[in-house]
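Coordinate analysis (summary)
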Amino acid sequence: MAPIKAALLGFGTVGQGVYDALKTHREQLKTVLGEEVIIEAILVKDGAKKRDVDEHILVTTDFEEVLNIPDLQIVFEAIVGEEPGFTYLSKAIEKGCRVITANKVMFAKHGKTLLKKAEEAGVSVGYEATTAGGTPIIRSISQLLQVNDILSVEAILNGTSNYILTNMREKGLTFEEVLKKAQELGYAEADPVNDVEGFDAFYKLMILSELSFGSSPNWDEVERKGITEVSSEQIEVFSRWGYKVKHLARIRSDRGSFTASVKPVLVDAEHPLYGVEDVQNAIMVETSLAGKVTVQGAGAGKLPTASAMVEDLTYVLQSHSGGAVRKKQSVVKADSSGSKSVAGSLVGEYAVTGSSVGFNGSDDIQLLKQDVRGDLVYLLIRCEVRTAESLRTNADLVVYEVAGKLKPAEVKVEESDLVLQRVINL
């Protein structure tokens, strides 16, 4: 049998990981696929740089040379940024190649287009590595979608941020101290903005939205906040209250109307993502039939990401079209905890921090916990969502939502339990 000819676009950390994985797992792949996978070409930016690859491999800076390889079947893409990755994969699909990508920014913006092109060309697109490294969430959701409707997705999608928050809590270190250590270990880039400001998790959430619901919200309407303002003192106080700070990406769809955010929130021991630590990623999918399904695994790094790309080989070779894309918008009747239209009638729990915290006299606010650290007051309160939103408009306050605590407002707090019903200043 003729071998499966493949090309690799990009030879950075991920590209090298794919190359190594194909070599070290050559026999396993041959057993699964029935044929050997051979890298015929590697596209690089610097053609003069010496690279430790097999002599037969074409190392080039010219994509057209890659595209002209006879009987090329697979194109792995591990280039950073929107372009030229999108253009290269478009041309590869048009030639009839199956493609596999780890490029989250490109795929978040152009994934729907690539999947449509692939369907028209009768080939497949593998994009498992775009969302959670070695965690197989794309295949898991695709399988669930055979019967289930997806109601919501809640996830830890950035291993760098999760590592930083874990070590700030467990070791009592500052953000800057843990970030430096993460960079030394290779968990964070020299410029960590994409990770710590939530851009990376945002792009991944948009990819999951397209898969789960067939569309995604207006990007400008998604609340995105990073972890740079999370302090060691906040983490210490919240830990004593029984909460961890997690950087969660969340989305819910109600007939095409989305509620989505990427931001730090508090979770307690009952939350499914409470125990997800260090560089691990985890995704909880709420479904119409299977209930809540959680998938956890390594979220980043050379080998986990390469693993996802190599595992996609089976999918793209056995599928005849880009069928992983949702064919139509899901019509999902969301419960009241996910709808913006009833936000004012929901009650949730929130941690509020500031030098002075005041509430309007008409607000029904239940004080659950409080602490004072120097000039700062820490309050854990239960109130309506609209009250929490009004607190967020105060630039002097920091407000954290407690995940999973939204309840319909008609579940009233007993009058005897109300601690605060008037203006308070502590």
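Small disclaimer: the values here were computed from a predicted structure and weren't measured.

What follows deals with the confidence of the model for the protein. Per-chain confidence: the protein averages 87 in pLDDT, with 88% of residues scoring 70 or above. Note on residues 320-344: pLDDT under 50 across the span, and 71 contacts to partners over four residues away in sequence or across chains. Here residues 411-426 scores under 50 on pLDDT; set against residues more than four positions off or in separate chains, the count is 33 contacts.

Across the sheet, which stays open at both edges, the six strands sit in the order β3-β2-β1-β4-β5-β6 with parallel pairing between neighbours. Of all strands in the sheet, those with a lone pairing partner are β3 (58-60) and β6 (125-126), marking the two edges. Pairing between strand β2 (residues 37-43) and β3: three bridges, direction parallel. In the strand pairing of β3, Ala41 is matched with Leu58. The strands that helix α12 (residues 302-318) touches are β1 (4-9), β2, β4 (72-77), β5 (98-101) and β6; relative to β5, the one it contacts most, it runs at about 155 degrees.

Let's shift gears to the packing of aromatic side chains. A complete count under the given rule lists eleven aromatic pairs for this structure. Their ring planes at 90 degrees and their centres at 5.2 Å tell us that Phe202 and Trp219 sit as a pair that is edge-to-face. Of this pair, Phe202 sits in helix α10 (residues 199-213) while Trp219 sits in the loop between α10 and β8 (223-224); the two residues are 17 residues apart in sequence, bridging distant segments of the chain. Aromatic pair Phe213 and Phe258: ring centres 5.9 Å apart, planes at 65 degrees, arrangement edge-to-face. Placement of the pair is Phe213 in helix α10 and Phe258 in strand β10 (residues 257-267), with a sequence separation of 45 residues. No difference in accessibility class separates Phe213 from Phe258, as the two residues are buried. Following the ring pairs from residue to residue traces out a cluster consisting of Phe238, Trp241, Tyr378 and Tyr400. If you follow Lys244 out to its NZ or CZ, it ends over the ring of Tyr274, 4.1 Å from the centre.

Conventions adopted
Residues numbered from 1 in each chain as written. Predicted model: local features only at pLDDT ≥ 70, side-chain atom pairs only at ≥ 80, totals over all residues. Heavy atoms only, no water. pLDDT = per-residue confidence, 0-100. Contact = heavy atoms within 4.5 Å. Pairing = 2+ DSSP bridges. Helix = DSSP H or I, 4+ residues; strand = E, 2+ residues; numbered from the N terminus. Axes fitted to C-alpha atoms, helices over the stretch in contact; angles between N-to-C directions. Phe/Tyr/Trp six-rings, centres within 6.5 Å; stacked < 30°, edge-to-face > 60°. Buried < 20%, exposed > 50% of the residue type's maximum accessible area, 1.4 Å probe, protein only. Lys NZ or Arg CZ within 6 Å of the ring centre and 35° of its normal.

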